[in-house]
Amino acid sequence: MSDVARIDKWLWAARIFKTRSIAADACKNGRVSIGGVNVKPSHTVKAGETVCVRKPPVTYSFRILKTIEQRVGAKLVPEVYENVTTADQYELLEMNRISGFVNRARGTGRPTKKDRRAMDAFVGPSLEGDFGVFFDDDDDWDEEDS
């Protein structure tokens with residue numbers, strides 16, 4: 001084990017990102033920062049540094065305990081980093097999860113049946129019956145012309 005590691009390798013090895021290329025892309029796109037400064041994939045990290053990873057809508061913060069470049073099992077993750085994400089970020093995540101159907105991400109496709117039911121429950125009971133009183137399809141509009 002060395003004293004330093006590349007940030008993209010560490011993010012992948014610590015299981016924060018599924019693949020190293022996704023971790024490198026996150027660095028290139030400015031979603032990974034250390035000390036408020038965006039870092040490149042080749043940036044080296046040391047134990048004790050705090051890494052901020054923005055996965056919209058939340059910014060996660062991790063304190064590095066070990067610098068590793070080989071992927072570890074999920075059970076060993078607590079030895080690698082400490083999650084120091086603030087509670088308000090998790091509240092933001094929960095609020096986004098609750099109201100997720102209101103602000104659907106572009107390109108996610110049509111709402112599923114479960115999404116539609118959640119929207120219906122949020123909006124309330126259907127108003128179809130009330131509109132039926134005002135709009136009667138049996139009206140004959142042609143009678144006015146004669």
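Look up a bit, the structure's there.
What counts, and at which threshold
- Residues numbered from 1 in each chain as written.
- Predicted model: local features only at pLDDT ≥ 70, side-chain atom pairs only at ≥ 80, totals over all residues.
- Heavy atoms only, no water.
- Pairing = 2+ DSSP bridges.
- Helix = DSSP H or I, 4+ residues; strand = E, 2+ residues; numbered from the N terminus.
- Salt bridge = Lys/Arg side-chain N within 4 Å of Asp/Glu carboxyl O.
- Buried < 20%, exposed > 50% of the residue type's maximum accessible area, 1.4 Å probe, protein only.
- Core = buried A, V, L, I, M, F, W, Y, C linked by side-chain atoms within 4.5 Å.
- Contact = heavy atoms within 4.5 Å.
- Arc of directions from axis to C-beta.
- Phe/Tyr/Trp six-rings, centres within 6.5 Å; stacked < 30°, edge-to-face > 60°.

**Notes on the sheet that holds strand S2 (residues 32-34)**
Alright, step 1. Taken in spatial order, the 5 strands make up an open sheet running S3-S2-S5-S6-S7, and their pairing is antiparallel. Single-partner strands in this sheet number two, and they are strand S3 (37-38) and strand S7 (81-83).
Alright, step 2. Here 6 bridges tie strand S5 (residues 50-55) to strand S6 (residues 58-64), and the two strands are oriented antiparallel to one another. Across the sheet, residue Cys52 finds its bridge partner in S6, namely Ser61.

**A short note on the pattern of salt bridges**
Alright, step 1. The tally for this structure, following the rule as stated, stands at 6 salt bridges.
Alright, step 2. Of the charged contacts, one joins Asp8 and Arg6 as a salt bridge, the two residues approaching to 3.1 Å between their closest N and O atoms.
Alright, step 3. Judged by relative accessible area, which is 28%, Arg6 ranks as partly exposed.
Alright, step 4. A salt bridge links Arg63 to Glu82, with the nearest nitrogen and oxygen atoms 3.1 Å apart.

**What to know about the nonpolar core**
Alright, step 1. Grouped together as the largest cluster of nonpolar side chains are 26 residues, with contacts concentrated most on Ile7, Trp10, Leu11, Ile16, Val32, Val51 and Tyr81.
Alright, step 2. If you list the elements that add at least two residues to this core, you get helix H1 (7-13), helix H2 (20-28), S2, S5, S6 and helix H3 (77-80).
Alright, step 3. Not counting residues up to four positions away in its chain, the partners in contact with Val32 are Ile7, Leu11, Ala26, Cys27, Val37, Asn38, Val39, Val51 and Cys52.

**Considerations on H2**
Alright, step 1. Buried within H2 we find Ala23, Ala24, Ala26 and Cys27. Along H2, the residues classed as buried sweep out an arc of 155° about the axis, all on the same side.
Alright, step 2. Looking at the packing, one finds that the buried side of H2 touches H1 and S2.
Alright, step 3. Following H2 by one or two positions, Gly30 has its phi on the positive side, about 80°.

**Observations concerning the side chain of Ser33**
Alright, step 1. Assignment of secondary structure puts Ser33 in strand S2.
Alright, step 2. On the basis of relative accessibility, which here comes to 13%, the residue Ser33 falls in the buried class.
Alright, step 3. Not counting chain neighbours up to four residues away, the residues in contact with Ser33 comprise Asn38, Thr50, Val51 and Cys52.

**Looking at the packing of aromatic side chains**
Alright, step 1. Scanning the model with the defined rule gives 4 aromatic pairs in all.
Alright, step 2. Relative to Tyr81, the ring of Trp10 lies with its centre 6.0 Å away and its plane at 65°, an arrangement referred to as edge-to-face. Of this pair, Trp10 sits in helix H1 while Tyr81 sits in strand S7, and the two are 71 residues apart along the sequence. A single burial state applies to Trp10 and to Tyr81, both of which are buried.

**Remarks on the environment of Thr44**
Alright, step 1. Take Thr44: it is sitting in strand S4 (residues 44-46).
Alright, step 2. Each C-alpha atom of the pair Thr44 and Val4 lies 5.9 Å from the other, and the pair is 40 residues apart in sequence.
Alright, step 3. Discounting residues that sit within four places of it in the chain, Thr44 has contacts with Val4, Ala5, Arg6 and Glu49.

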